[in-house]
Amino acid sequence: MNLLRRIGVPVAAIALFLAGWEFLVWVNSWPNYKMASPSDLPPAFWKYGELFLVMGWQTLWRTVAGLLISVLVGTLIGMLMGFSRIMRDALYPILVGFNAIPKATLVPVIALIFIGQHNFNTVLMAFMISFFPIAVSVGIGLSTLEPEYRDILRSLGASRFTIFTKIALPKTLPEFFGALKVAVTLAFIGTNLVEIVSPHGRGLGALFKSGETNGDYPLMFAVLIALAFLGIVLYYAVVFLERTFAGWAERPEH
């Protein structure tokens, strides 16, 4: 019953959203060159099916690669900030300032520095836009570790590594996975920024740009739905990992 609810409720919500979208287009009599409806999208998926598969894979692997790098780098930065107040005071202003920069303004800069390296540029942007929440969440989780636990383990002869693996790491996992859910969507944004802006872009972002150039609005909206689908898939992959490694932190339902 619980599994049925977890599947049924999101599916029903998506169906309701699509029905509302269809009704909004119908009641306003919008043509598909102004606002495509969900019923306009299946022909676009059928017509460009091979392109969706090829470019969807290109977008997905670059996004996942950038996300994995953001997890590694974000966790390391978070550990530095969590275990050292000096590092926390030094790095926070830099991280906040960097995160405040609109990443779209960095796309031409990256493209100029790494000319012709489209895959590298795309993965780099996915990383740059998604590592911040991971670094902050890990830093906060470690810096708020109760000193009583640390003192007790030290009095029992536990090493720093033991304290980290037995106390600090489990305590940080809920915050980490919460940030990772946010980072998933941010990584997709970074990937598509490069794919759309770059003149030699590939992936779903380039397919969206092609639809815009040719006035194919059903194709543009179909790309948006494909991106949303990939984002949902990655999000629930993170949810699965969260329940596997940090399921103990989830409150029981009453």
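Counting restarts for each chain, with residues numbered from 1 along the sequence as it is written. Only residues with pLDDT of 70 or above have their local features reported here, since the model is predicted, and side-chain atom pairs are shown and tallied only from 80 upward, although totals for entire chains, interfaces and linings are computed over all residues. Excluding hydrogens and water, the side-chain figures rest on all heavy atoms present in the structure.

Digging into the overall build of the protein
Thinking step 1. The helix count covers DSSP runs of H or I at least four residues long, the strand count covers runs of E at least two residues long, and both are numbered beginning at the N terminus. Looking only at helices and strands, the protein has 10 helices and 0 strands in total.
Thinking step 2. For the protein, the α and β elements follow one another from N to C terminus as α-α-α-α-α-α-α-α-α-α.
Thinking step 3. With the C-alpha coordinates of the protein rotated into their principal frame, the extents come out at 70 × 55 × 30 Å.
Thinking step 4. Whether a residue is buried, partly exposed or exposed follows from its accessible area with a 1.4 Å probe, protein chains only, as a fraction of its type maximum: under 20%, in between, or over 50%, in that order. Of all 254 residues assigned to the protein, the portion counted as buried reaches 38%.
Thinking step 5. When checking whether two residues touch, look at their non-hydrogen atoms; a contact exists if any pair is within 4.5 Å. Taking the contacts inside the protein whose residues are at least 6 apart along the sequence as the reference set, 73% of them involve residues at least 24 apart.
Thinking step 6. For the protein, the exposed surface amounts to about 14,900 Å²; the carbon and sulfur share of it is 72%. Exposure was quantified through the Shrake-Rupley algorithm and a 1.4 Å probe, taking into account, for residues, occlusion by the shown protein chains and nothing else.

Re helix H9 (residues 204–213)
Working note: α-helix, 3.6 residues per turn, so residues spaced by three or four point in the same direction.
Thinking step 1. Listed as buried for H9 are Leu 204, Gly 205, Ala 206, Leu 207, Phe 208 and Gly 211.
Thinking step 2. Two residues or fewer after H9 comes Gly 215, characterised by a positive phi angle close to 70°.

Examining the packing of aromatic side chains
Thinking step 1. Here is the rule: rings of Phe, Tyr and Trp (six-membered ring for Trp) pair when centre to centre is within 6.5 Å. Planes less than 30 degrees apart are stacked, more than 60 are edge-to-face, and the remainder are tilted. For the structure shown, the criterion picks out 9 aromatic pairs.
Thinking step 2. Judged by centre distance (5.3 Å) and plane angle (90°), the ring pair of Tyr 235 and Tyr 236 falls under edge-to-face.
Thinking step 3. A residue is classified by how much of its surface remains accessible, and Tyr 236, at 42% relative accessible area, is partly exposed.
Thinking step 4. Within the aromatic cluster, the residues linked to one another by ring pairs are Phe 17, Trp 21 and Phe 221.
Thinking step 5. Stacked on the ring of Phe 98, the Lys or Arg Lys 103 has its end atom at 4.9 Å from the ring centre. The rule for a charge over a ring is simple: NZ of Lys or CZ of Arg within 6 Å of the ring centre, and within 35 degrees of the ring normal.

Brief notes about the confidence of the model for the protein
Thinking step 1. Per-residue confidence from the predictor is reported as pLDDT, which spans 0 to 100. With 92% of its residues at a pLDDT of 70 or more, the protein shows a mean pLDDT of 87.
Thinking step 2. When mean pLDDT is compared element by element in the protein, helix H3 (residues 49–83) scores highest at 93, while helix H7 (residues 147–155) scores lowest at 70.

Things to note about the nonpolar core
Thinking step 1. Counting residues in each nonpolar core, the largest one holds 39 residues, and the members touching the most others are Phe 52, Ile 134, Phe 177, Leu 180, Leu 204, Leu 207 and Val 223.
Thinking step 2. The set of elements that each furnish at least two residues to this core consists of helix H1 (2–27), helix H2 (41–47), H3, helix H6 (118–143), helix H8 (160–197), H9 and helix H10 (217–246).
Thinking step 3. Judged by nonpolar contacts, the second largest core, of 15 residues, contains Ile 77, Met 81, Phe 132 and Ala 135. We define the nonpolar core as a collection of buried residues of types Ala, Val, Leu, Ile, Met, Phe, Trp, Tyr and Cys that are connected through side-chain atoms lying within 4.5 Å of one another.

Some thoughts on the packing of H3 against H10
Thinking step 1. For helices, the fitted axis covers only the stretch in contact; all axes are lines through C-alpha atoms, and the angles between them, taken along N-to-C directions, range from 0 to 180 degrees. In the contact formed by H3 and H10, the axes pass within 11 Å of each other and the chain directions differ by 40°. Between H3 and H10, the angle falls in the class oblique. Seen from above, H3 lies across H10 with right-handed handedness. When H3 is examined against H10, the residues Phe 52, Gly 56, Thr 59, Leu 60, Thr 63 and Val 64 are found in contact with a partner set consisting of Leu 219, Ala 222, Val 223, Ala 226, Leu 227, Leu 230 and Leu 234.
Thinking step 2. Gly is put with the polar residues, along with every residue not named as nonpolar or charged; the nonpolar set is Ala, Val, Leu, Ile, Met, Phe, Trp, Tyr, Cys and Pro, and the charged set is Asp, Glu, Lys and Arg. Grouping the amino acids of the contact of H3 with H10 by side-chain chemistry returns 10 nonpolar, 3 polar and no charged. Any angle between 65 and 115 degrees counts as roughly perpendicular, while under 35 counts as roughly parallel, over 145 as roughly antiparallel, and the rest as oblique. Handedness of each helix crossing follows the sense of rotation of the near helix against the far helix: counterclockwise by less than a right angle gives left-handed, clockwise gives right-handed.

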